[in-house]
There are 2 protein chains.
Amino acid sequence: MTRPSPGRRPGGPDTRADVLAAARRSFAEKGFRGTTIRAVAAEASVDPSLVHHYFGTKDALFLAAMELPVDPREVLGPLIDGPVETVAERFVGAFVAVWDDPALQPALLTVVRSALEPGGDRLFSEGFLPLIVQPVGVALGLDRPEYRMTLLASQVLGLILMRYVLRVEPLASMPPAVLIATYAPTIQRYLTGELP
Amino acid sequence: MTRPSPGRRPGGPDTRADVLAAARRSFAEKGFRGTTIRAVAAEASVDPSLVHHYFGTKDALFLAAMELPVDPREVLGPLIDGPVETVAERFVGAFVAVWDDPALQPALLTVVRSALEPGGDRLFSEGFLPLIVQPVGVALGLDRPEYRMTLLASQVLGLILMRYVLRVEPLASMPPAVLIATYAPTIQRYLTGELP
C-alpha cells in the first residue's frame, strides 16, 4: 500500500475521520475562533481544499466534529412554524422528546460532559450557542435574540443537569406533560416576555 | 514519636484532616447513604466515637467534607425573614453577592465541578439538596418544599454554569440588579406560584 505523497493524502474513508479528529483536538485546545481550516488540514496531513470539500465552512466542520446524534437545526426548525406566543411549549416538548429517547441520550450526555470540561467553555460560547441556539432566536424574530436565547439556555442547561446528569427526583421521572407545564412559562417569558 | 496503638489513633490536628479525607473518599465512592461513620472511622484508623466527637452527625460530617467556603445555611437563613412573596428577590440577591465575591468564587467552582464528576451526582442528590437546599423550603413553609426547591435548583444551577463556569455573555457580566429582575420572577413562581 503506497500513498502518493507523504503528508498530503488523498480523500478516503479514514481521511475524513482523521480530519474530524484533528478538528476536535483543535476546537478543544484553541477554541472556535482559534481554529482554522488550514491548521486542521495541516494537523491531519491533508490539503485544505479537501477539508473544504468534505465539510464546507468552519461552522459545518464544528457541527460535524461535535458528533451530535441529531441535527439540532432540524429539531429546532419546526418550532419556528406556529405562533411565537406558544413557542416555549413546542420547544420544551421537542427538547424532552429528543433527550428522553434512549437511542440519543448517551451521545447527548457525552456532548454536555465535554462542554463542561476545561476548554469546553469556548466550544459552548463560541460554537454551540452562536451557531445553533442563537439562529433560532433570529429566525423567531425575537428582539434581542442573543440575550433571550442565552436566558433560555440557562434554564435548559440546568434542567438537563438535574434530570439527565444528576438524575434528581422528582425531575428525573417527571412526565413530559408536567415538564412542559412547569418550564414553558419560564421559557416563554425569556423569549417574548418583558425583561429588564 | 510513638502512637498508643496502631490503627487507633488519639485526636489531634491531622487526625481531623485524616477523617475528613476518608469521609470525602467514602462520600464520592459510596454516596451519602452508603457512607457510615463507622466505616469512615475504620478508613481513617480512629475510633468512631472520635468522629462523633469532632463532627456530631453524618450530616455535619458531610457538610465539613464538602469544604464549602461559606455555610450556606447562614446565607440562606436570613431569607426566611421577610415576606415569602418576595423571597426570590432576596434569594437571587444573596446568591449573586456570594458567587460574585472573588474570595469565595474559586472554592464554589470547585464544589460545582466535583458535583458534576462521576459519583458527584449522589453527593448532590443525597447530600447537598436534602441537607442544605430543601430545609430552606421547609423553613419557608412552602407546600411541596422538595419539589419546589428542586425546580429552583434547576434554574440556579443553569445560571451558575452560564455565568461562572462557561462565562457566557451577556450573563457573565450582567449587573446584579438586572440578574435579580430577570431571574426572581422565575424563582418566585417555582417557590410560591401555581404549578402542575
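Here the structure is a predicted model, which means the values were calculated and not measured.

Student: How should I be thinking about the overall build of chain A in this particular structure?
Tutor: Each helix and strand in chain A was counted, giving ten helices and zero strands. Listing the helices and strands of chain A from first to last along the sequence gives α-α-α-α-α-α-α-α-α-α. Each principal axis of the C-alpha atoms in chain A carries an extent, and together these give about 60 × 35 × 30 Å. Within chain A, the fraction of its 196 residues that count as buried is 47%. Across chain A, the fraction of contacts at a sequence separation of at least 24, relative to all contacts at a separation of at least 6, is 66%. For chain A, the exposed surface amounts to about 9000 Å²; the carbon and sulfur share of it is 58%. For chain A, the distance from the average site of its 19 positive side-chain charges to the average site of its 21 negative ones is 6 Å.

Student: What is the right way to look at the relation of the copies chain B and chain A in this model?
Tutor: Between the two chain copies there is a screw-like relation: a rotation about an axis and a shift along it. When chain B is fitted to chain A, the best match, at an RMSD of 0.1 Å, comes from turning it 180° and sliding it 0.0 Å along the axis. One copy is carried onto the other by what is essentially a two-fold rotation axis. Across chain B, the smallest distance between a C-alpha and the rotation axis is recorded for B:Gly158, namely 1.9 Å. Residue by residue, 100% of the interface of chain B is reproduced at the interface of chain A, so both copies engage with the same surface.

Student: Help me understand the pattern of salt bridges, please; the structure alone is not making it clear to me.
Tutor: Residues and elements named next belong to chain A. All told, the structure shown has eight salt bridges over all chains when counted by the stated rule. For Asp-100, the salt bridge goes to Arg-163, with nearest N and O atoms at 2.8 Å. Note that Asp-100 is positioned in helix α6 (residues 87–100) and Arg-163 in helix α9 (residues 145–165), a separation of 63 residues in sequence. A residue is classified by how much of its surface remains accessible, and Asp-100, at 30% relative accessible area, is partly exposed.

Student: I keep staring at the domain arrangement of chain A and nothing clicks. Help me out?
Tutor: Accessible area lost on assembly of the parts is the figure often given for the size of an interface. Residues and elements named next belong to chain A. Domain assignment breaks chain A into domain 1 (13–66) and domain 2 (72–192). One C-alpha centre belongs to domain 1, the other to domain 2, and the line joining them spans 27 Å. Contact residues are listed per partner, giving eleven residues for domain 1 and ten residues for domain 2. At the junction of domain 1 with domain 2, the criterion picks out zero salt bridges. Here domain 1 and domain 2 share zero residue pairs in polar contact (both at pLDDT 80 or more) between them. Taken together, the elements giving at least two residues each to the side of domain 1 that touches domain 2 come down to α1 (13–30) and α4 (58–66). Residues of the side of domain 1 that touches domain 2, tallied by class, amount to six nonpolar, one polar and four charged.

Student: Mind showing me how you'd approach the nonpolar core here?
Tutor: Taken as a class, soluble globular proteins show a tendency for nonpolar side chains to be buried jointly. Ranked by size, the top nonpolar core spans 138 residues in total, and within it A:Leu61 and B:Leu61 carry the most contacts. Once residues lying within four places of it in the same chain are set aside, the contact partners of A:Leu61 are A:Val19, A:Leu20, A:Ala23, A:Phe27, A:Ile37, A:Val40, A:Val51 and A:Phe55.

Student: Teacher, can you tell me more about unusual backbone geometry here?
Tutor: Phi is mostly negative for residues that are not glycine, and the peptide bonds are mostly trans. Residue and element names in this part refer to chain A. The amide bond that connects Glu-169 to the next residue, Pro-170, takes the cis arrangement and shows omega of 5°. With respect to the helices and strands, the residue Pro-170 is situated in the loop between α9 and α10 (176–192). Positive phi is not limited to glycine here, since Arg-144 has a value of about 45°. In the Ramachandran plot, Arg-167 falls in the positive-phi region, its phi being about 50° despite a non-glycine side chain. The exposure class of Arg-167 is partly exposed, given its relative accessible area of 48%.

Student: I'm lost on the packing of helix α6 (residues 87–100) of chain B against helix α7 (residues 105–115) of chain B in this one. Help?
Tutor: Angle between the axes and distance between the axes: these two values describe a pair of packed helices. Residues and elements named next belong to chain B. Taken N-terminus to C-terminus, the directions of α6 and α7 make an angle of 105°; their axes are 7 Å apart at the nearest point. Regarding the angle of α6 to α7, the classification is roughly perpendicular. On α7, the residues that touch Val-98, Trp-99 and Asp-100 of α6 are Gln-105, Leu-108, Leu-109 and Val-112. Partitioning the contact of α6 with α7 into residue classes produces five nonpolar, one polar and one charged.

Student: What is the right way to read the interface of chain B and chain A from this model?
Tutor: Contacts between the two partners involve 34 residues from chain B, matched on the other side by 34 residues from chain A. Both faces combined, the contact of chain B with chain A buries some 2800 Å², and carbon together with sulfur accounts for 70% of it. Applying the counting rule to chain B against chain A returns twelve residue pairs in polar contact (both at pLDDT 80 or more). The element contributing the most residues to the side of chain B that touches chain A is helix α9 (residues 145–165) of chain B, with twelve residues.

Reading the values: the criteria
Residues numbered from 1 in each chain as written. Chains lettered and ligands numbered in written order. Predicted model: local features only at pLDDT ≥ 70, side-chain atom pairs only at ≥ 80, totals over all residues. Heavy atoms only, no water. Helix = DSSP H or I, 4+ residues; strand = E, 2+ residues; numbered from the N terminus. Buried < 20%, exposed > 50% of the residue type's maximum accessible area, 1.4 Å probe, protein only. Contact = heavy atoms within 4.5 Å. Areas by Shrake-Rupley, 256 points an atom, 1.4 Å probe, with all protein chains shown as cover. Lys, Arg positive; Asp, Glu negative; His and termini not counted. Charge placed at Lys NZ, Arg CZ, Asp CG, Glu CD. Least-squares fit on C-alpha atoms with pLDDT ≥ 70 in both. Salt bridge = Lys/Arg side-chain N within 4 Å of Asp/Glu carboxyl O. Domains from an automatic or database assignment. Polar contact = N/O pair within 3.5 Å; in protein donor to acceptor, adjacent residues only side chain to side chain. Nonpolar A, V, L, I, M, F, W, Y, C, P; charged D, E, K, R; others polar. Core = buried A, V, L, I, M, F, W, Y, C linked by side-chain atoms within 4.5 Å. Axes fitted to C-alpha atoms, helices over the stretch in contact; angles between N-to-C directions. Parallel < 35°, antiparallel > 145°, perpendicular 65-115°, else oblique. Buried area = accessible area lost by both parts, 1.4 Å probe.

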